[in-house]
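# Residue-level structural notes
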Amino acid sequence: MAEGSGRFEIRRRWSGDLPGCVGALAEVHRSDGYPVVWSADPARWLVESDQLASWVAVSAATGEIAGHVALNRGSGSSAGGVWAGLAEGREPDGAGAVSRLYVAPAWWGNGLGERLLATAVGQARAWGLRPVLDVVAENEAAVALYHRTGWELLLTVDQTWSNGMTVTVHCFAAGDGA
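Because the structure is a prediction, the values reported are computed rather than measured.

Cis geometry marks the peptide bond from Tyr 34 to Pro 35, where omega comes out at -5 degrees. Inspection of the secondary structure assignment puts Pro 35 in the loop between α1 (18–32) and α2 (42–46). In this structure, Arg 100 is a non-glycine residue whose phi angle is positive, near 55 degrees. Mapping Arg 100 onto the fold places it in strand β4 (residues 95–103). On the basis of relative accessible area, Arg 100 is assigned to the buried category, the value being 16%.

As structure tokens, then:
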């Protein structure tokens, strides 16, 4: 079922894409445990209030949503705060936080995670923002992707989520090559 990475279109997410995005996210959650806590309203979870832009990877052969990524204001991210705190005069909104990055299991191995990540990074830089992200430390595949693509680990912190769960996350900033 997998196809070469050139056979996918990466484009801005449209409202009509949300059902396909939720379906792909459900597959990821069943296979990989992301997101750690399944939302009662996953479409709303994908459309965060501080979102600047979002993109989808769409299979040219089937039209299926194969993956997703979003770019948010840095002030809504632990990584944005950590990045801002590391140098005088930085503000969290000088960062663009990459979030909601996932690829449906049927499409793993096509380089889509890297392509979606590069899309969000490119837009953040075009807007003069430093790309940052935080990732649950236990998500080894995602952590490996960020290391492989040149992201710099800034700090590891514990986050307490609204459901009371405390989770260890790594805060990353894009390196010059990322």
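This model, assessed by the stated rule, comprises four aromatic pairs. Aromatic pair Tyr 34 and Trp 45: ring centres 5.9 Å apart, planes at 65 degrees, arrangement edge-to-face. Separated by eleven residues along the polypeptide, Tyr 34 in the loop between α1 and α2 and Trp 45 in helix α2 bring together distant segments of the chain. The residues Tyr 34 and Trp 45 share a single accessibility class, namely buried. Taken together, the ring pairs connect Tyr 146, Trp 151 and Phe 172 into an aromatic cluster. When the ring centre of Trp 14 is taken as origin, the NZ or CZ atom of Arg 11, which lies over that ring, is 3.5 Å away.

Now for the environment of Leu 154. Structurally, the position occupied by Leu 154 is in strand β6 (residues 151–160). Owing to a relative accessible area of 21%, Leu 154 belongs among the partly exposed residues under this scheme. For Leu 154, the contacting residues outside a window of four places in its chain are Ala 79, Val 82, Trp 83, Leu 86, Cys 171, Phe 172 and Ala 173.

In this section: the side chain of Arg 100. In terms of polar contacts, Arg 100 uses its side chain to reach the backbone carbonyl oxygen of Trp 45, at 3.0 Å. Setting aside chain neighbours within four positions, we find Arg 100 in contact with Tyr 34, Trp 45, Leu 46, Glu 48, His 68, Val 69 and Ala 70.

To continue, consider the pattern of salt bridges. Applying the stated criterion to the full structure yields three salt bridges. In this structure, Arg 11 engages Asp 17 in a salt bridge whose closest nitrogen and oxygen atoms are separated by 2.6 Å. A single burial state applies to Arg 11 and to Asp 17, both of which are buried. The closest approach of N and O atoms between Glu 48 and Arg 100, which form a salt bridge, is 3.0 Å. Of this pair, Glu 48 sits in the loop between α2 and β2 (51–59) while Arg 100 sits in strand β4, and the two are 52 residues apart along the sequence. Like Arg 100, Glu 48 is buried.

Examined against the element boundaries, Asp 17 turns out to sit in the loop between β1 (8–12) and α1. Using a relative accessible area of 8% as the deciding quantity, one classes Asp 17 as buried. Excluding residues within four positions of it along the chain, Asp 17 makes contact with Arg 11, Arg 12, Val 56 and Ile 65. At 2.8 Å, the side chain of Asp 17 forms a polar contact with the backbone nitrogen of Trp 14.

We now examine the nonpolar core. Counting residues in hydrophobic clusters, the biggest one holds 41 residues, and the most contacted among them are Leu 46, Val 98, Tyr 102, Leu 117, Leu 133, Tyr 146 and Trp 151. Beyond its immediate stretch of four places on either side in the chain, Leu 133 contacts Ala 79, Val 98, Leu 117, Tyr 146, Trp 151, His 170, Cys 171 and Phe 172. Within the second largest apolar cluster, nine residues are counted, among which are Ala 79, Val 82, Ala 84 and Ala 173.

This part takes up the confidence of the model for the protein. Reading predicted coordinates in detail is not appropriate for stretches of low pLDDT. For the protein, the average pLDDT comes to 93, and 96% of its residues sit at 70 or higher. Contacts for the low-pLDDT stretch residues 1–5, under 50 throughout, to residues beyond four places or in other chains number 14 contacts.

Analysis parameters
- Residues numbered from 1 in each chain as written.
- Predicted model: local features only at pLDDT ≥ 70, side-chain atom pairs only at ≥ 80, totals over all residues.
- Heavy atoms only, no water.
- Helix = DSSP H or I, 4+ residues; strand = E, 2+ residues; numbered from the N terminus.
- Buried < 20%, exposed > 50% of the residue type's maximum accessible area, 1.4 Å probe, protein only.
- Phe/Tyr/Trp six-rings, centres within 6.5 Å; stacked < 30°, edge-to-face > 60°.
- Lys NZ or Arg CZ within 6 Å of the ring centre and 35° of its normal.
- Contact = heavy atoms within 4.5 Å.
- Polar contact = N/O pair within 3.5 Å; in protein donor to acceptor, adjacent residues only side chain to side chain.
- Salt bridge = Lys/Arg side-chain N within 4 Å of Asp/Glu carboxyl O.
- Core = buried A, V, L, I, M, F, W, Y, C linked by side-chain atoms within 4.5 Å.
- pLDDT = per-residue confidence, 0-100.

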